[in-house]
Amino acid sequence: MSAANPIAVSEEEPFVIGKSDLAYFFNNPCRCDCALVLLCTSGHAQVTVDLRRGPLQLNTIVLLLPGSVLMFDDASADFSVRFGAFSPGLSFFSFLKENPISQVNERMAAGLSTWFEIMDYTYQDRGNMFRKTIVRNRLQNIMLELYDKIQRKVSSQ
C-alpha cells in the first residue's frame, strides 16, 4: 500500500488533480474528506463506495461526496485512473451520492480525459495567481457535465 493518500486535500491545497493507481485504497477502506471524480484510464479493479461494489474499467467514472468510504480490490497490474479531488466547500449534487459508479461512452471518456489534462496543466503551474479559481471552476464544469449526462441516462431508463 502506498504510504500517502494521493487525494488528501487541505486548506492550503483545496484540490488535487492527478493520475494514480490509488494503491493507498487497495483493501483499505478509507473515509474521504473530499469530493472526488475518478476516470479509469487503463486496466480494471473492483471499487466499493460505501456499501456499493462495482467494476471499475476503462471509461468508468466514480463520483464521491465527502464522507464516502472508498476501497479497491482485484486490480489489474495496469490499473490507472485520472482524478480530481476537492474540498467539500465546492458544491455539487446529492443525486451523485446515489449513483457513484457509472460507465460512460468513449466520446464522454475522451472529453473527461481532456478536462483532466487541462486541469492538470493548471494544477502543476504553482505560480499561476488564478490557479485555485481556474481548477475549481474546471472541477465544477466536470461535475455539471457529469450530472447532466447521468441524469439524462437515468431519466431515459
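Residues numbered from 1 in each chain as written. Predicted model: local features only at pLDDT ≥ 70, side-chain atom pairs only at ≥ 80, totals over all residues. Heavy atoms only, no water.

1. Section: the sheet that holds strand 8 (residues 80-86)
To keep things clear, this is the line we draw: Whether two strands pair comes down to DSSP finding at least two bridges between them. Helix and strand assignments come from DSSP, with helices taken as H or I runs of at least 4 residues and strands as E runs of at least 2, each series counted from the N terminus. The axes are straight lines fitted to the C-alpha atoms, using for helices just the contacting stretch, and the angles between their N-to-C directions are given from 0 to 180°.
Taken in spatial order, the five strands of this open sheet run 1-8-3-6-9, and their pairing is antiparallel. In this open sheet, the two strands that pair with only one neighbour each are strand 1 (15-20) and strand 9 (101-103). Each adjacent strand pair in this sheet contributes to an overall mean axis angle of 15°, direction not counted. Here strand 6 (residues 60-64) pairs with strand 9 via three bridges, running antiparallel.

2. Regarding the side chain of Thr 122
What counts, and what does not: Any two residues whose heavy atoms approach within 4.5 Å are treated as being in contact.
Looking at the element boundaries, Thr 122 is found in helix 2 (residues 106-124). Non-local contacts of Thr 122, meaning those with residues more than four positions away in its chain, are made with Asn 128, Arg 131, Ile 134, Val 135 and Arg 138.

3. Re helix 2
Filter applied, for reference: A helix is expected to reach a length of 1.5 Å times the quantity of its residues less one. Burial classes: relative accessible area under 20% of the type maximum marks a residue as buried, over 50% as exposed, and values in between as partly exposed (1.4 Å probe, protein chains only). In this description, one arc is meant: the one made by directions from the helix axis to the C-beta atoms. Within 3.5 Å is the distance limit for a polar contact, defined as a pair of N or O atoms, with the added protein rule that one can donate a hydrogen and the other accept it, and that residues adjacent in sequence qualify only through two side-chain atoms.
The terminal C-alpha atoms of helix 2, which comprises 19 residues, lie 26 Å apart, in line with the 27 Å expected from a rise of 1.5 Å per residue. Residues Met 108, Ala 109, Leu 112, Phe 116, Met 119, Asp 120, Thr 122 and Tyr 123 constitute the buried set of helix 2. Seen from one end, helix 2 has its buried residues packed into an arc of 165°, which puts them on one side. Residues of helix 2 that are exposed and point more than 90 degrees away from the buried face comprise Glu 106, Arg 107 and Tyr 121. The backbone nitrogen of Arg 107 has a side-chain oxygen 3.1 Å away, supplied by the residue at the start of helix 2, namely Asn 105.

4. So, the sheet that holds strand 2 (residues 30-31)
Taken in spatial order, the four strands of this open sheet run 2-7-4-5, and their pairing is antiparallel. Each end of this open sheet is capped by a strand with a single partner; those strands are strand 2 and strand 5 (52-57). Note: strand 2 against strand 7 (residues 69-73), two bridges, orientation antiparallel. Pairing of Arg 31 across the sheet is with Val 69, part of strand 7.

5. Brief notes about the nonpolar core
Convention followed: Nonpolar core, defined: a set of buried Ala, Val, Leu, Ile, Met, Phe, Trp, Tyr and Cys residues in which side-chain atoms within 4.5 Å join the residues together.
By size, the foremost hydrophobic cluster in this structure holds 45 residues, and its most contacted members are Ile 7, Leu 70 and Phe 72. Of all the secondary-structure elements, those providing two or more residues to this core are strand 1, strand 3 (35-42), strand 4 (44-49), strand 6, strand 7, strand 8, helix 2 and helix 3 (131-156). Among residues more than four places away in sequence, those in contact with Phe 72 are Leu 22, Phe 25, Phe 26, Asn 27, Leu 38, Ala 45, Gln 46, Val 47, Leu 56 and Phe 79.

6. With respect to the environment of Cys 40
With respect to the secondary-structure elements, Cys 40 resides in strand 3. In sequence terms Cys 40 and Ser 68 are 28 residues apart; their C-alpha atoms lie 19 Å from each other. Every residue in contact with Cys 40, bar those within four places of it in the chain, is listed here: Leu 56, Gln 57, Leu 58, Asn 59, Thr 60, Phe 79, Ser 80 and Val 81.

7. Description of the pattern of salt bridges
What counts is decided by this rule: Only one rule defines a salt bridge in this text: a Lys or Arg side-chain nitrogen within 4 Å of an Asp or Glu carboxyl oxygen.
Counted by the stated rule, this structure contains six salt bridges. A salt bridge links Glu 13 to Arg 131; the nearest nitrogen and oxygen atoms lie 2.9 Å apart. Highlighted residues: Glu 13 in the segment before strand 1 and Arg 131 in helix 3, separated in sequence by 118 residues. Given the relative accessible area of 18%, Glu 13 is considered buried.

8. A few points about the pairing of strand 4
Sheet topology note: the strand 4/strand 5 ladder contains six bridges and is antiparallel. The partner of His 44 across the bridge, within strand 5, is Gln 57. Counted between consecutive antiparallel strands, the loop separating strand 4 from strand 5 contains two residues, among which Asp 50 sits at a positive phi close to 55°. Strand direction decides the pairing type here: strand 4 and strand 7, joined by four bridges, are antiparallel. Residue pairing across strands places Val 47 opposite Phe 72, the latter belonging to strand 7.

Geometric descriptors of this kind do not, in isolation, establish any biological role.
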